[in-house]
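Tertiary structure, described
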Amino acid sequence: MLTRKQYELLVFVDRRLRESGVSPSFDEMKEALGLRSKSGIHRLISGLEERGFIRRLPHRARALKVLRQPENHPDVPAVPTPAPVVERFRPNVIRGDFQMHGTAAKVSDAEAIELPLYGRIAAGTPVEALRDPTSSIGVPGSLLGSGEHYALEVDGDSMIDAGIHSGDTVIIRRTDTAENGSIVVALVDDNEVTLKRLRRKGNSIALEPANTRFETRIFGPDRVKVQGRLVGLMRRY
């Protein structure tokens, strides 16, 4: 059973996809549903995805697919479709004609794929993940393999001896498992995220920095969850 707002959002997204073939932006969804923040839209989308009504398409920003329709709710008014927004300037042109095979995109090295940019991740002391589902970044196809990927900006220098500097953008393959010694995105105590090398020692998990000024932190196995593995890095000079 969907909530009223979930149903309104699903109807709105489905209508826009049928009319234009393009998912509405978070700002358009927020305005259509009368919400104050985009975080509310993010929660509604997550709820619809968990219930199997929509799916977020990997490697494509703002890409939603409606999987099934809800039962008819005659008491829920239709959400008006806002007037189209005219964009004055679009500097980033991302080719979208790559072929899909499973969950991975086949692209040439010269092509770029838009990945969701989830904000800044600490490479020092763990901090809360700043997830902004409206931000994205173009990434060369050569940095990606199979699976679903996302990007994070590094904040801190605890991984500098591994060649990861503050301000770098790391490319992460989404996974909940990783080999011993891999550099991973680790979720600590369900509310803090850090980029570290994973070491398993018996029943303990060590998050190891690559900088002698920082100490290795050791946790019980129930306190650390792997959220992705490092597969690439981008740097601006």
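In case you missed it, the structure is sitting above this.
Notes on the structure in this doc start here. (Residues numbered from 1 in each chain as written. Predicted model: local features only at pLDDT ≥ 70, side-chain atom pairs only at ≥ 80, totals over all residues. Heavy atoms only, no water.)

**Observations concerning the overall build of the protein chain**
Heads up, the condition is: Counting from the N terminus, the helices are the DSSP runs of H or I reaching at least four residues and the strands are the DSSP runs of E reaching at least two. Relative accessibility decides the category of a residue: with a 1.4 Å probe and only protein chains considered, values under 20% of the type maximum give buried, values over 50% give exposed, and everything between is partly exposed.
Counting its regular elements, the protein chain contains 3 helices and 13 strands. Counting every position in the protein chain, which comprises 237 residues, the buried fraction comes to 41%.

**So, the side chain of Thr 175**
To keep it simple, the criterion reads: Contact criterion: two residues are considered in contact whenever any of their non-hydrogen atoms come within 4.5 Å of each other.
Within the fold, Thr 175 resides in the loop between strand S8 (169-173) and strand S9 (183-188). Non-local contacts of Thr 175, meaning those with residues more than four positions away in its chain, are made with Val 226, Gln 227, Gly 228 and Arg 229.

**A short note on the environment of Val 185**
Assignment of secondary structure puts Val 185 in strand S9. Distance in space between the C-alpha atoms of Val 185 and Arg 174 is 9.1 Å, their sequence separation being 11 residues. Discounting chain neighbours no more than four positions away, the residues touching Val 185 are Ile 121, Tyr 150, Leu 152, Ile 172, Val 193, Thr 194, Leu 195, Lys 225, Val 226, Gln 227 and Gly 228.

**Some words on the packing of helix H2 (residues 26-33) against helix H3 (residues 38-50)**
What counts is decided by this rule: A fitted line through C-alpha atoms represents every axis, and for helices the fit uses only the stretch in contact; the resulting angles, taken between N-to-C directions, go from 0 to 180 degrees. Every angle not falling under 35 degrees, over 145, or within 65 to 115 is termed oblique; those three ranges are roughly parallel, roughly antiparallel and roughly perpendicular. Lys, Arg, Asp and Glu make up the charged group, whereas Ala, Val, Leu, Ile, Met, Phe, Trp, Tyr, Cys and Pro make up the nonpolar group; the residues left over, Gly among them, are polar.
For the pair H2 and H3, the least separation of the axes is 9 Å and the interaxial angle reads 95°. Classed by the angle they form, the pair H2 and H3 counts as roughly perpendicular. Residues Phe 26, Asp 27, Met 29, Lys 30 and Leu 33 of H2 touch H3, and the partners they reach there are Lys 38, Ile 41, His 42, Leu 44 and Ile 45. Partitioning the contact of H2 with H3 into residue classes produces 6 nonpolar, 1 polar and 3 charged.

**Side note on H3**
Put simply, the rule is: For a helix, the expected span equals 1.5 Å multiplied by the number of residues minus one.
For H3, spanning 13 residues, the distance from its first C-alpha to its last is 18 Å, which sits close to the expected 18 Å at 1.5 Å a residue. Looking at H3, one finds that the buried residues are Gly 40, Ile 41, Leu 44, Ile 45, Ser 46, Gly 47 and Leu 48. In this fold, the buried residues of H3 make contact with helix H1 (4-20), H2, strand S1 (54-56) and strand S2 (64-66).

**Here we look at the pairing of strand S13 (residues 224-234)**
Spelled out, the test is: A pair of strands is considered paired only if DSSP assigns at least 2 bridges between the two.
Two strands pair when backbone bridges link them, and S8 and S13 are joined in this way by 5 bridges, in the antiparallel orientation. Its bridge partner lying in S13, Arg 173 is registered against Arg 229. As judged from the 5 bridges shared by S9 and S13, these two strands associate in the antiparallel manner. Across the sheet, residue Val 188 finds its bridge partner in S13, namely Val 224.

**Quick look at the nonpolar core**
Just so we agree on the cut-off: Buried residues of nine kinds, namely Ala, Val, Leu, Ile, Met, Phe, Trp, Tyr and Cys, make up a nonpolar core once their side-chain atoms join them within 4.5 Å.
Ranked by size, the top nonpolar core spans 19 residues in total, and within it Leu 9, Met 29, Ile 45 and Ile 54 carry the most contacts. For this core, the secondary-structure elements that each account for two or more residues are H1, H2, H3 and S2. The element that contributes the greatest number of residues to this core is H1, accounting for 6 residues. Other than its neighbours up to four places away in sequence, Ile 54 contacts Leu 10, Ile 45, Leu 48, Glu 49, Leu 64, Lys 65, Val 66 and Leu 67.

**Comments concerning the pattern of salt bridges**
Stated formally: By definition, a salt bridge exists where a carboxyl oxygen of Asp or Glu is found within 4 Å of a side-chain nitrogen of Lys or Arg.
Summed over the entire model, instances satisfying the criterion amount to 10 salt bridges. One salt bridge connects Lys 5 with Glu 8, and the closest N-O pair in it is separated by 3.5 Å. Taken as a pair, Lys 5 and Glu 8 lie in helix H1 at a separation of 3 residues, close to a single helical turn. By relative accessible area, Lys 5 is classed as partly exposed at 31%. The residue Asp 168 makes a salt bridge to Arg 235 at a minimum N-O spacing of 2.7 Å. Within this pair, whereas Asp 168 is found in the loop between strand S7 (149-155) and S8, its partner Arg 235 is found in the segment after S13, the two being separated by 67 residues in sequence.

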